[in-house]
Amino acid sequence: MKIKIAAATLILAFALLTCTQTKELVPTRIRNTKPANVSSFHAAINMKIAWVPYEQNQALVKTKKNEWKVVKAEEPGKTGNIPVILVTYPNSTDTIWIDMNTSNELLGKLVKHSLMTQEPIRRPFVEYFEEASCQKCHPSDVKVNFDR
């Protein structure tokens, strides 16, 4: 009995998978590129890791109202250096500091948008992405894939 049910399930699954409508192919443009013949370049972006000194001279303290506040530490704290990404643009005074805890996805998207649109990265990032839209550079008939 179990074998018959399993076999019937397999046959039904196979029928559903093979009998679905096939997608019609949509004609697309095919480009033949020649990387050896670059016609132009966008402006460069310079990125460096900068080590910024810090001193832990503050502490979080719980108050009577069950809230937290920052206070000056009673004794000297640790000192050290933390890395940050410094992004600069040649022949420009535009610079931005990007924290190392910035997600890889966001950092990649910021760099890609800046390289492609030649707009310097700035905060707030939401407004930056609206102004440095890829759609501004592409012809209207080219669909831009924002998921990648």
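Whatever comes next refers back to the structure up there.
Everything numeric here is computed off the predicted structure, so don't read it as measured data. Numbering of residues starts from 1 in every chain and runs along the sequence as written. Per-residue local features of the predicted model are confined to residues with pLDDT of at least 70, and side-chain atom pairs are confined, for both listing and counting, to 80 or more; whole-chain, interface and lining totals are unaffected and use all residues. Excluded from the side-chain calculations are hydrogens and water; all other atoms, namely the structure's heavy atoms, are used.

Caption draft 1: Structural context of the overall build of the protein. Secondary structure follows DSSP: runs of H or I at least 4 residues long count as helices, runs of E at least 2 residues long count as strands, and numbering of each begins at the N terminus. Secondary structure summary: the protein contains 3 helices and 5 strands in total. Along its sequence from the N terminus, the protein presents helices and strands in the succession α-β-β-β-β-β-α-α. Expressed as a percentage of the 148 residues in the protein, the buried residues total 18%. The contact rule is simple, with two residues in contact once any of their heavy atoms fall within 4.5 Å. When contacts within the protein are restricted to residue pairs at least 6 apart in sequence, long-range pairs at least 24 apart make up 44% of them. When the accessible surface of the protein is split by element, carbon and sulfur atoms take 58% of a total near 13300 Å². Whether a residue is buried, partly exposed or exposed follows from its accessible area with a 1.4 Å probe, protein chains only, as a fraction of its type maximum: under 20%, in between, or over 50%, in that order. All accessibility values rest on the Shrake-Rupley procedure with a 1.4 Å probe; residue burial counts only the protein chains present in the view.

Caption draft 2: A nonpolar patch on the surface, seen in detail. Patch membership requires more than 30% relative accessible area and the absence of a salt bridge. Residues of like charge join within 9 Å; the nonpolar side chains Val, Leu, Ile, Met, Phe, Trp and Tyr join within 5 Å. Any Lys or Arg side-chain nitrogen found within 4 Å of a carboxyl oxygen on Asp or Glu counts as a salt bridge. Together, Val-52, Tyr-54, Ile-82 and Trp-97 give the surface a local cluster of nonpolar side chains, amounting to about 350 Å² of exposed area. Among the secondary structure elements, Trp-97 is positioned in strand β5 (residues 95-99).

Caption draft 3: Inspection of the pattern of salt bridges at higher detail. Scanning all chains against the criterion turns up 2 salt bridges. The shortest N-O distance in the salt bridge between Glu-119 and Arg-122 comes to 3.7 Å. Residue classification places Arg-122 among the partly exposed positions, given a relative accessible area of 29%. A salt bridge links Arg-122 to Glu-131; the shortest N-O distance between them is 2.4 Å. Relative accessible area serves as the criterion here: at 38%, Glu-131 is assigned to the partly exposed category. Residues joined by salt bridges that share partners form a network here, namely Glu-119, Arg-122 and Glu-131.

Caption draft 4: Highlighting the nonpolar core. In terms of nonpolar packing, the biggest core is built from 14 residues, with Val-87, Ile-96, Ile-98, Leu-110, Ile-121, Phe-125 and Tyr-128 touching the most fellow members. Looking at this core, the elements that each hand over two or more residues are β4 (79-88), β5, α2 (104-117) and α3 (125-131). Those residues in contact with Ile-98 that lie beyond four places of it in its chain are Val-84, Ile-85, Val-87, Leu-107, Leu-110, Ile-121 and Arg-123. Only buried Ala, Val, Leu, Ile, Met, Phe, Trp, Tyr and Cys residues count toward a nonpolar core, and they belong to the same one when joined by side-chain atoms within 4.5 Å.

Caption draft 5: Main features of the packing of aromatic side chains. Only Phe, Tyr and Trp rings are paired, with Trp represented by its six-membered ring, and only when their centres lie within 6.5 Å; those with planes under 30 degrees apart are stacked, over 60 edge-to-face, the remainder tilted. In this structure the tally under the stated criterion is 1 aromatic pair. With a centroid separation of 5.6 Å and 55° between ring planes, the pair formed by Tyr-128 and Phe-129 is classed as tilted. The class for Phe-129 is buried, based on a relative accessible area of 16%. Only Lys NZ and Arg CZ are tested; either one counts as a charge over a ring when it is within 6 Å of the ring centre and within 35 degrees of the ring normal. Just above the ring of Phe-129 sits the side chain of Lys-109; from NZ or CZ to the centre is 4.7 Å.

Scope: geometric values only; no functional claims are made or implied.
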